[in-house]
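# Overview (structure and organization)
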Amino acid sequence: MLVIIGYVVVMLSVFGGFALAGGHLAALWQPLELLMIGGGALGAFFVGNNVKAMKATAQALPTLFKGSKFTKSLYMDLMSLMFEILTKVRKEGLMSIEGDVEKPEESPIFSKYPSILHDHHVVEFITDYLRLMVSGNMDAFQIENLMDNEIETHHHEGAVPAHCIAKLGDGLPAFGIVAAVMGVVHTMESVSLPPAELGMLIAHALVGTFLGILLAYGFVGPLASLLEQKLDESTKIYQCIKVTLLASLNGYAPALAIEFGRKVLFSTERPTFGELEEHIKQSKSK
């Protein structure tokens, strides 16, 4: 919704200001200029990216028009889940969670938290490292290094769409100049026309530069910034899981381990100690 509102504000401000200054909006409607700019940018996008990058970008774009799923409620469910798993480990031993790890969709613990269970990547991250803990062949330092590498890989992979969109936005002003130069060339080859018509041709050429800059900084560029913000949000949940599991591996009680995880969350999503404690009590009673 904010993306749409932002686009409306940009258009009203730019085109509204132009109209209030006495400009004629019809003069800005140049579909051939848009064809040159948009088509050139799209072609360059195809040249500069492989199929995986283009597919990732296409999948990421619809998420820009949705709200974030990483809410305080989601994190409270996550930490309640982690608390129950670590409590079971502390009481019954690591082997007691083998069934939960191998088939989380059938686990009575995971099933209580559908918001977590529906996220395949998060569930896989949790169960993979719990499986390593159950195996008992790796110490906390090795697991931490492996977690860091996986989180870094996730972040680099998630940065591909933002990088592609940013490069696309960076190229739009240049394609706007290309369209303007083509318009100037057309004007120069039409010098035999009356001055009034030559003026119209020059105006049409200048619209190319205007459209390239407007599309770059008013429409495409902000999308890259938003994708980067969403990537940071999606990475934070893995850092929360990492810190919680490592605290448990280092011998801290489940209540303290999830406190470690709570502390790494952004302040906008971080529940208070009391809120989390109450949520865990309610979850245990289900």
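Now for a quick tour of the structure. (Residues numbered from 1 in each chain as written. Predicted model: local features only at pLDDT ≥ 70, side-chain atom pairs only at ≥ 80, totals over all residues. Heavy atoms only, no water.)

### Re the side chain of H279
Convention followed: Each helix is a run of DSSP H or I of at least 4 residues and each strand a run of E of at least 2, with the numbering of both proceeding from the N terminus. In what follows, a contact means two residues having at least one pair of non-hydrogen atoms within 4.5 Å.
For H279, the position within the fold is in helix α11 (residues 273-284). Excluding anything up to four places from it in sequence, H279 contacts M76, D77 and S80.

### Looking at the environment of F46
Residue placement: F46 occurs in helix α2 (residues 31-48). Residues F46 and T57, spaced 11 residues apart in sequence, show a C-alpha to C-alpha distance of 12 Å.

### Overview of the packing of aromatic side chains
The description of an aromatic ring pair uses the distance of the two centres, along with the angle that the planes make with each other. For the record, the criterion: Note on aromatic contacts: the rings of Phe and Tyr and the six-membered ring of Trp form a pair at centre separations within 6.5 Å, being stacked when their planes are under 30 degrees apart, edge-to-face when over 60 apart, and tilted otherwise. Accessible area is worked out with a 1.4 Å probe on protein chains only. A residue is then buried under 20% of its type maximum, exposed over 50%, and partly exposed in between.
One pass over the full model with this rule turns up six aromatic pairs. Centroid distance Y7 to F219: 4.7 Å. Interplanar angle 35°. Geometry classified as tilted. Separated by 212 residues along the polypeptide, Y7 in helix α1 (residues 2-20) and F219 in helix α9 (residues 195-249) bring together distant segments of the chain. Taken as a pair, Y7 and F219 share a single burial class, namely buried. With 6.2 Å between their ring centres and 55° between their planes, F45 and F46 make a pair best called tilted. Each member of the aromatic cluster is reached from another via a ring pair, and the members are F125, Y129 and Y238.

### With respect to a nonpolar patch on the surface
Applied cut-off: Nonpolar side chains (Val, Leu, Ile, Met, Phe, Trp, Tyr) are joined into patches within 5 Å and like charges within 9 Å, using only residues with over 30% relative accessible area and no salt bridge. Every accessible area reported is derived by Shrake-Rupley at a probe size of 1.4 Å, with residue values counting cover from the shown protein chains alone. Between Lys or Arg on one side and Asp or Glu on the other, a salt bridge is scored when a side-chain nitrogen of the former is within 4 Å of a carboxyl oxygen of the latter.
A grouping of M1, L2, I5 and V9 is seen on the molecular surface, where their side chains present a nonpolar patch of about 460 Å² in accessible area. Mapping I5 onto the fold places it in helix α1. On the basis of relative accessible area, I5 is assigned to the partly exposed category, the value being 43%.

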